[in-house]
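# Descriptive analysis of the structure
The residues making up each chain are set out below.
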Amino acid sequence: MTESEVTESEEELYLNTLSDEELVEQMHDDLYDGLKEEIEEGTNILLERGWAPDKLLADALVEGMRIVGIDFRDGILFVPEVLMSANAMKGGMAILRPLLAETGAETIGTVVIGTVKGDIHDIGKNLVSMMLEGAGFEVHNIGINNPVENFLEAIEEHKPDIVGMSALLTTTMPYMKVVIDTMVEQGIRDDHIVLVGGAPLNEEFGKAIGADAYCRDAAVAVETAKQMVAQRRGESIPA
Ligand code: B1M
């Protein structure tokens, strides 16, 4: 056994001795410290203990990232540390992704989603993508830092029911209007439902830029997407 294998199994042994509550708290600390392997271990242990993937995601991972966000805002954590936290979060999300996406549900619509130009935050957008997939949408996630051309290309290629945009910075959120205005200019705005989201946005902003809806979080994004697609097709709204 190599030294790293010994450390890994010792870590697993230690995490396994914790109660659920203690383990979730430990995962908040590990996320804060950017410890990807520990986050993966913790995620696996909670799953083995029968935790539902969406509860695990919300209580252990998203809540941990919220704490990181507070100390980032207050100048206690800096970009390199937050990058490590983000990397650890992605380790946990990668384990949950197939579980959240694997519902066996029929495809109920197509989505193109991306983070807008100038913005490299992708955790929230990826989470929304995972949850939409889980709800039965075919999702084309075009990544981060997307100029309007990337959105137009993806729209042309995938002919989505929904165009989703994410922005986490007050400086990048106005770019969403650039994308919507270009869609209007090209005469394709009304062919698609446009949903926007990201921490600095609100409903008023969504309306002001001409989006169909602002989505506060991934759960709201799924509900809104289902409702709007059903409405557009004149169907009854799925449960
Ligand atoms: Co950045 N950052 N960051 N950052 N970062 C914030 C956003 C910030 C609020 C931190 C703070 O000061 N408290 C602040 C923005 C301030 C502002 O504009 N008002 C900030 C800053 C300033 C910056 C830099 C400028 C820092 C610097 O360089 N000095 C820089 C900018 C880089 C750039 O984009 N050009 C920067 C860099 C980074 C990292 C690279 C280190 C890293 C990103 C890593 C990555 O994403 N791969 C990072 C992180 C991690 C954060 C915080 C801490 C966490 C964001 C996150 O992942 N949250 C963040 C603080 C915060 O938000 N509290 C912060 C967890 C995620 C699950 O939530 O993304 O909100 P969220 O997504 C939610 C909803 O918003 C919604 O659903 C999601 C799931 O429920 N949603 C959608 C999101 N997108 C949607 C799309 C939809 C629907 C719903 O479409 C339909």
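Quick summary incoming for the structure in this document. Starting from 1, residues in each chain are numbered consecutively following that chain's sequence as written. In keeping with the predicted nature of the model, local features appear solely for residues at pLDDT of at least 70, side-chain atom pairs appear and are counted solely at 80 or more, and the whole-chain, interface and lining totals rest on all residues. For side-chain calculations, the full set of non-hydrogen atoms in the structure is used, while hydrogens and water are omitted.

A few words on the side chain of T224. When you line up the elements, T224 lands in helix 10 (residues 218-232). Note on contacts: a residue pair qualifies if any of its non-hydrogen atoms lie within 4.5 Å across the two residues. Apart from residues no more than four positions distant in its own chain, T224 is found in contact with L195, A213 and C215. A helix here means a DSSP run of H or I that spans at least four residues, while a strand means a run of E at least two residues long, and both kinds are numbered starting from the N terminus.

There is one protein donor for the cobalt atom of the ligand, namely H121 (NE2), at 2.2 Å. Take H121: it is sitting in the loop between strand 1 (109-115) and helix 6 (123-134). Coordinating donors are taken to be N, O and S atoms lying within 2.8 Å of the metal, or within 3.2 Å when the metal is Na, K or Ca; because water is excluded from the atom set, some sites may appear incomplete.

With that out of the way, let us pick up the site of the ligand. Nearness is defined per residue: one heavy atom within 4 Å of the molecule or strand is enough. In the vicinity of the ligand there are 32 residues, among which R73, I120, H121, D122 and S166 approach most closely. G69 is positioned such that a nitrogen or oxygen atom in its backbone is 3.5 Å from a nitrogen atom of the ligand. One of the backbone N or O atoms of I120 is found 2.7 Å from an oxygen atom in the ligand. Residue assignment for the shell around the ligand shows that the elements contributing at least two residues are helix 4 (53-73), helix 5 (79-101), helix 6, strand 3 (162-166) and strand 4 (193-197). For the shell around the ligand, a count of residues per class yields 18 nonpolar, eight polar and six charged. Polar contacts here mean pairs of N or O atoms no more than 3.5 Å apart (in protein, one a potential hydrogen donor and the other a potential acceptor; neighbouring residues in sequence count only if both atoms are side-chain atoms). Classification used: nonpolar for Ala, Val, Leu, Ile, Met, Phe, Trp, Tyr, Cys and Pro, charged for Asp, Glu, Lys and Arg, polar for all others including Gly.

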